[in-house]
Amino acid sequence: MIKLENVSKKYGNNVVLDNLNINFNSGEFISIMGPSGSGKSTILNIIGAMDKPDSGKVIINNEEINRFNEEELTLFRKKHVGFIFQFFNLFNNLTVFENVQIPLLISGLKEQDSIEEILTSLNICDKL
Ligand SMILES: Nc1ncnc2c1ncn2[C@@H]1O[C@H](COP(=O)(O)OP(=O)(O)OP(=O)(O)O)[C@@H](O)[C@H]1O
Ligand SMILES: [Mg+2]
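Residues numbered from 1 in each chain as written. Chains lettered and ligands numbered in written order. Predicted model: local features only at pLDDT ≥ 70, side-chain atom pairs only at ≥ 80, totals over all residues. Heavy atoms only, no water.

Undergrad: Is there a simple way to think about the site of ligand 1 in this case?
TA: Surveying the vicinity of ligand 1 reveals the residues Tyr-11, Asn-14, Val-16, Pro-35, Ser-36, Gly-37, Ser-38, Gly-39, Lys-40, Ser-41 and Thr-42. Between Asn-14 and ligand 1, the recorded distance is 3.1 Å, taken from a side-chain N or O atom to an oxygen atom. Within the contact set of ligand 1, an oxygen atom lies 3.0 Å away from a backbone nitrogen or oxygen of Gly-39. Considered on its own, ligand 1 offers 640 Å² of accessible surface; in the complex 55% of this is hidden by protein. The set of elements that each furnish at least two residues to the shell around ligand 1 consists of strand 2 (14–24) and helix 1 (40–47). Among the elements that make up the shell around ligand 1, the one with the highest residue count is helix 1 (three residues). (Near = heavy atom within 4 Å. Polar contact = N/O pair within 3.5 Å; in protein donor to acceptor, adjacent residues only side chain to side chain. Areas by Shrake-Rupley, 256 points an atom, 1.4 Å probe, with all protein chains shown as cover. Helix = DSSP H or I, 4+ residues; strand = E, 2+ residues; numbered from the N terminus.)

Structure representation (structure tokens):
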């Protein structure tokens, strides 16, 4: 489902990923472990279409996303990627309802009701 082929990435002279090859299959739960600075976030950013490798292929659902332009990457992220960040990255000045609403509006959803349904399904409706 997700395949990295000979992926390399460096920042200046700092080689972070050196010809990395990994396969992630559908339905697998994977932990990436390693010391601070070893490149875990770099891998996640590349798989999540937030960053591009210097060389190598990133194949997700048979699409070579390393060839995508910015617009294609944006659409890909919107449709296929979910990130849970170390920090919550919520908008402090917006309500809980609005924080949930924003990505749904971007995805073209108009039904206000479904926001409560989503919060209920996640058992966090009390946060409203
Ligand atoms: N935008 C950047 N510019 C320059 N160097 C960077 C950048 N992002 C990461 N690095 C460097 O790349 C290396 C890998 O960083 P990365 O954030 O992927 O590590 P990590 O394994 O996620 O670390 P941590 O466990 O601390 O989160 C580090 O040496 C880091 O300093
Ligand atoms: Mg990290």
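Structure's up, so let's keep going.
Undergrad: Hey, could you run me through the domain arrangement of the chain in this one?
TA: It is common to give the size of an interface as the accessible area that goes away when the parts come together. Domain boundaries assigned for the chain yield domain 1 (2–80) and domain 2 (96–127). One C-alpha centre belongs to domain 1, the other to domain 2; they are set 29 Å apart. (Domains from an automatic or database assignment.)

Undergrad: What's the story with the layout of surface pockets in this structure? I'm lost.
TA: Unfilled space is identified by rolling a water-sized probe across the atoms. In this structure, the largest pocket encloses a volume near 1,200 Å³. Forming the boundary of the largest pocket are 27 residues, of which Phe-83, Phe-88, Leu-90, Asn-99 and Pro-103 lie nearest the centre. Listed by contribution, the elements that provide at least two residues to the lining of the largest pocket are helix 2 (70–80), helix 3 (96–106) and helix 4 (113–121). In terms of residue count, helix 3 provides more of the lining of the largest pocket than any other element does, seven residues in total. For the lining of the largest pocket, the per-class residue count stands at 19 nonpolar, five polar and three charged. (1 Å grid on protein atoms, 1.4 Å probe; cavity = no way out; pocket = protein on both sides within 12 Å on 5 of 7 lines; lining within 4 Å. Points joined across faces, edges and corners; volume = space filled by probe spheres on them. Nonpolar A, V, L, I, M, F, W, Y, C, P; charged D, E, K, R; others polar.)

Undergrad: Help me understand a nonpolar patch on the surface, please; the structure alone is not making it clear to me.
TA: Together, Ile-30, Ile-32 and Leu-44 make up a nonpolar patch on the protein surface, roughly 230 Å² of accessible area in all. Tracing the backbone through its elements, the reader meets Leu-44 in helix 1. (Patch = residues over 30% accessible without salt bridge, like charges linked within 9 Å, V, L, I, M, F, W, Y side chains within 5 Å. Salt bridge = Lys/Arg side-chain N within 4 Å of Asp/Glu carboxyl O.)

Undergrad: Explanation requested: unusual backbone geometry in the structure shown.
TA: Keep in mind that most residues, glycine aside, have a negative phi and that most peptide bonds are trans. Non-glycine residue Asn-62 carries a positive phi angle of around 65°. Its location among the elements puts Asn-62 in the loop between strand 3 (55–60) and strand 4 (63–64). Positioned with a positive phi, Asn-89 is a non-glycine residue whose angle comes to about 55°. Checked against the element boundaries, Asn-89 lands in the loop between helix 2 and helix 3. Classification of Asn-89 as exposed rests on a relative accessible area of 52%. (Buried < 20%, exposed > 50% of the residue type's maximum accessible area, 1.4 Å probe, protein only.)

Undergrad: Mind showing me how you'd approach the nonpolar core here?
TA: Side chains of nonpolar character tend, in soluble globular proteins, to be buried together. Grouped together as the largest cluster of nonpolar side chains are 16 residues, with contacts concentrated most on Ile-47, Val-58, Ile-60 and Ile-65. Elements represented by at least two residues in this core include exactly strand 1 (2–11), strand 2, helix 1, strand 3 and helix 2. Discounting residues that sit within four places of it in the chain, Val-58 has contacts with Lys-3, Leu-4, Val-7, Ile-46, Pro-53, Glu-63, Glu-64, Ile-65 and Asn-66. (Core = buried A, V, L, I, M, F, W, Y, C linked by side-chain atoms within 4.5 Å. Contact = heavy atoms within 4.5 Å.)

Undergrad: Would you mind showing me how to read empty space enclosed by the protein here?
TA: For the structure shown, the criterion picks out two cavities of 30 Å³ or more. Taken as a whole, the largest cavity spans an internal volume of roughly 50 Å³. Lining the largest cavity are Ile-46, Ala-49, Asp-51, Lys-52, Pro-53, Val-58, Ile-65, Asn-66 and Leu-73. Classifying every residue of the lining of the largest cavity gives six nonpolar, one polar and two charged.

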